[in-house]
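Listed below are the residues making up each chain.
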Protein chains: 2
Amino acid sequence: MTPASGRRRLPPAERREEILKAATELIAVSGFKGVTLEAFAAACGMTKAGLLHHFRSREDLLIAVLERRDELDLASVVDTLEPAPDPATARAVMSGFVRRNLEQRSLVQLYTVLSAEALDPAHPAHAYFATRLREGRAMLERYLLAWHPRPGEAAVDLLAFLDGLQLNWLRDAGIDFPAQWEAFADRFFAP
Amino acid sequence: MTPASGRRRLPPAERREEILKAATELIAVSGFKGVTLEAFAAACGMTKAGLLHHFRSREDLLIAVLERRDELDLASVVDTLEPAPDPATARAVMSGFVRRNLEQRSLVQLYTVLSAEALDPAHPAHAYFATRLREGRAMLERYLLAWHPRPGEAAVDLLAFLDGLQLNWLRDAGIDFPAQWEAFADRFFAP
DNA sequence: AGCGCTATCTACCAAACGGTAGATAAATTA
DNA sequence: TAATTTATCTACCGTTTGGTAGATAGCGCT
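Residues numbered from 1 in each chain as written. Chains lettered and ligands numbered in written order. Predicted model: local features only at pLDDT ≥ 70, side-chain atom pairs only at ≥ 80, totals over all residues.

Participant: Would you mind going over the overall build of chain A with me for this structure?
Facilitator: In terms of helices and strands, chain A carries nine helices and zero strands. When the elements of chain A are put in sequence order from the N terminus, they spell out α-α-α-α-α-α-α-α-α. Put simply, chain A has 191 residues, and 29% of those count as buried. Contacts spanning at least 24 positions in sequence make up 55% of the contacts within chain A whose residues lie at least 6 apart. (Helix = DSSP H or I, 4+ residues; strand = E, 2+ residues; numbered from the N terminus. Buried ≥ 20, exposed ≤ 12 C-beta atoms within 10 Å, placed from the backbone. Contact = placed C-beta atoms within 7 Å.)

Written out as structure tokens, the structure is:
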């Protein structure tokens, strides 16, 4: 039972998890620059100092949020990744991302807002997003290699459309994200 | 000639223009939340107080930047807009935007960073971007109406791809923005 | 030259920020 | 129960922020 005082003591692993989850949602709404240390803390019912016991600085928290998101994301598609690299697999993986993202609007928004902020080379997550994009495109290119005449351009096309569709869906929830994607994929992967 | 003292006095219209131009570039790099009033002022060689003589608040400056950008943008394509609404015109207009944006990377970045920040309903430019997107899509839809079987979905496709391509181009300048666009348009506008 | 207008400056403020130091209280162990 | 550990708190600091008040100086006019 919750103690009489307002103070809630949790084991570190649990508390870290709670903080990361709350921080993720806050950043998704307002970006990293838009959320203060105190706001992060208050969202978990604690104070700045309490939060800083678990993360050395506000910037540290951001990096932890990104890394944790990567873990979860990778875990969710790792089974699909086993098959040989071919376009059908590529499409299946991307459709999986679309379905997954559809149910996690705030996470998509987190990445959208953050990656835009991080276009500034001085942003703490700039390097993170730069390497992430490069690696993602290289992987996709491998999957298209044996099939598409121009796998490089095709990879750019696919990622551009997916990014842009997500962005427009965030701006206007009326857009039918999965339907637009499947229609595009039908054309893109047509023989 | 510049006076001996550090003080530079300009007619209001001229000074406003200078401020808007500098602010535009700063926001393009670091977003609106990322630039302080003092930084805006310093970029024009003046102080906060001096700047606030021309714009009542920092937020006021942001709105002025957006409105001014719209004026310039519209003026640059207004000649192309005369012809009847048909897909060929639509493509020409959009290719025009691509060419134009290619030479104004920082302006594209301004819109990208700002529109992502403005996904937050509490952002001062949220309403601006919401209506802007709606109107843009409606206009594009009119141009595709007589030709495409699903003008609504087609408009979303086009804008999504363009937005996404721009975003990826900002992240990685190695991407051949106009070539990717023309290849996509060839397929999209094919008979 | 001298006057008036106002663009700009210096100096300041209250609030909000990220972060630190030391006190306090909740679990764990002896 | 008493001692230990450490998660959390209160209180504070130095800096930065957006914005204000009043002084100063450049320009146009007569």
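Participant: How should I be thinking about the interface of chain B and chain A in this particular structure?
Facilitator: In many reports, interface size means the accessible area that the parts give up when they come together. Between chain B and chain A, the contact holds 34 residues from the first and 34 residues from the second. With 14 residues, helix H8 (residues 151-171) of chain B is the single largest residue contributor to the side of chain B that touches chain A. Looking at the side of chain B that touches chain A, its residues break down into 18 nonpolar, eight polar and eight charged. (Nonpolar A, V, L, I, M, F, W, Y, C, P; charged D, E, K, R; others polar.)

Participant: How should I be thinking about the packing of helix H6 (residues 105-117) of chain A against helix H6 (residues 105-117) of chain B in this particular structure?
Facilitator: Here H6 of chain A crosses H6 of chain B at 145°, and the two axes come no closer than 9 Å. Both H6 of chain A and H6 of chain B take part in a crossing whose hand is left-handed. Contacts from Thr 112, Val 113, Ala 116 and Glu 117 of chain A in H6 of chain A reach Thr 112, Val 113, Ala 116 and Glu 117 of chain B in H6 of chain B. Classifying every residue of the contact of H6 of chain A with H6 of chain B by side-chain character gives four nonpolar, two polar and two charged. (Axes fitted to C-alpha atoms, helices over the stretch in contact; angles between N-to-C directions. Left-handed = near helix turned anticlockwise from the far one by under 90°.)

Participant: What is the right way to look at the relation of the copies chain B and chain A in this model?
Facilitator: A rotation about some axis, followed by a shift along it, carries one copy of the chain onto the other. Mapping chain B onto chain A calls for a screw motion: a turn of 180° about the axis and a shift of 0.0 Å along it, with 0.1 Å RMSD after fitting. Read as a symmetry element, the transformation amounts to a two-fold axis. By C-alpha distance to the rotation axis, the residue of chain B lying nearest is Gly 164 of chain B, at 1.8 Å. A high fraction, 100%, of the interface residues of chain B reappear at the interface in chain A, so the copies pair face to face through one surface. (Least-squares fit on C-alpha atoms with pLDDT ≥ 70 in both.)

Participant: Got a minute to help me understand the protein's contact with DNA strand C in this structure?
Facilitator: Around DNA strand C sit 25 residues, and of these Leu 37 of chain A together with Met 46, Ala 49, Gly 50 and His 53 of chain B come closest. Every element with two or more residues in the surface near DNA strand C is listed here: helix H2 (37-42), helix H3 (48-52) and helix H4 (58-77) of chain A together with helix H1 (12-30) and helix H3 (48-52) of chain B. If you tally residues by element for the surface near DNA strand C, the top one is H3 of chain A, at three residues. Looking at the surface near DNA strand C residue by residue, the classes come out as eight nonpolar, seven polar and ten charged. (Near = placed C-beta within 6 Å.)

Participant: Explain the protein's contact with DNA strand D here, please?
Facilitator: Neighbouring DNA strand D are 25 residues, the closest being Met 46, Ala 49, Gly 50 and His 53 of chain A together with Thr 36 of chain B. A total of three residues in the surface near DNA strand D trace back to one element, the largest contributor, which is H3 of chain B. Tallied by class, residues from the surface near DNA strand D come to eight nonpolar, seven polar and ten charged.

Participant: Any chance you could explain the packing of helix H8 (residues 151-171) of chain A against helix H9 (residues 177-188) of chain A here in plain terms?
Facilitator: When two helices pack together, their arrangement is given by the angle between the helix axes and by the axis-to-axis distance. Residues and elements named next belong to chain A. Where H8 meets H9, the closest approach of the two axes is 10 Å, and the angle between their N-to-C directions is 160°. With respect to each other, H8 and H9 are oriented roughly antiparallel. The chirality of how H8 crosses H9 is right-handed. Between H8 and H9, the contacting residues are Leu 158, Phe 161, Leu 165 and Trp 169 on the first element and Phe 177, Gln 180, Trp 181, Phe 184 and Phe 188 on the second. Looking at side-chain class alone, the contact of H8 with H9 contains eight nonpolar, one polar and no charged residues. (Parallel < 35°, antiparallel > 145°, perpendicular 65-115°, else oblique.)

Participant: Explain the nonpolar core here, please?
Facilitator: Grouped burial of nonpolar side chains is what soluble globular proteins tend to show. By size, the foremost hydrophobic cluster in this structure holds 86 residues, and its most contacted members are Ile 27 and Phe 161 of chain A together with Ile 27 and Phe 161 of chain B. Among all residues touching Ile 27 of chain B, those that are not within four sequence positions of it are Phe 32, Val 35, Val 65, Leu 110 and Leu 114 of chain B. (Core = buried A, V, L, I, M, F, W, Y, C linked by C-beta atoms within 7 Å.)

Participant: Would you take a moment to explain the environment of Val 77 of chain B for this structure?
Facilitator: Residues and elements named next belong to chain B. Position of Val 77 relative to the elements: it lies in helix H4 (residues 58-77). Overall, Val 77 belongs to the partly exposed group, with 14 C-beta atoms counted inside 10 Å. As for Val 77 and Arg 100, which are separated by 23 residues in sequence, their C-alpha atoms are 9.8 Å apart. Leave out the neighbours within four places in its chain, and Val 77 touches Val 93 and Gly 96.

Participant: I keep staring at the environment of His 126 of chain B and nothing clicks. Help me out?
Facilitator: Residue and element names in this part refer to chain B. With respect to the secondary-structure elements, His 126 resides in helix H7 (residues 126-144). Residue classification places His 126 among the partly exposed positions, given that 16 C-beta atoms sit within 10 Å. When the C-alpha positions of His 126 and Ser 115 are compared, they lie 7.8 Å apart, and in sequence the two are eleven residues distant. Setting aside its immediate chain neighbours within four residues, His 126 contacts Ala 118, Asp 120 and Pro 121.

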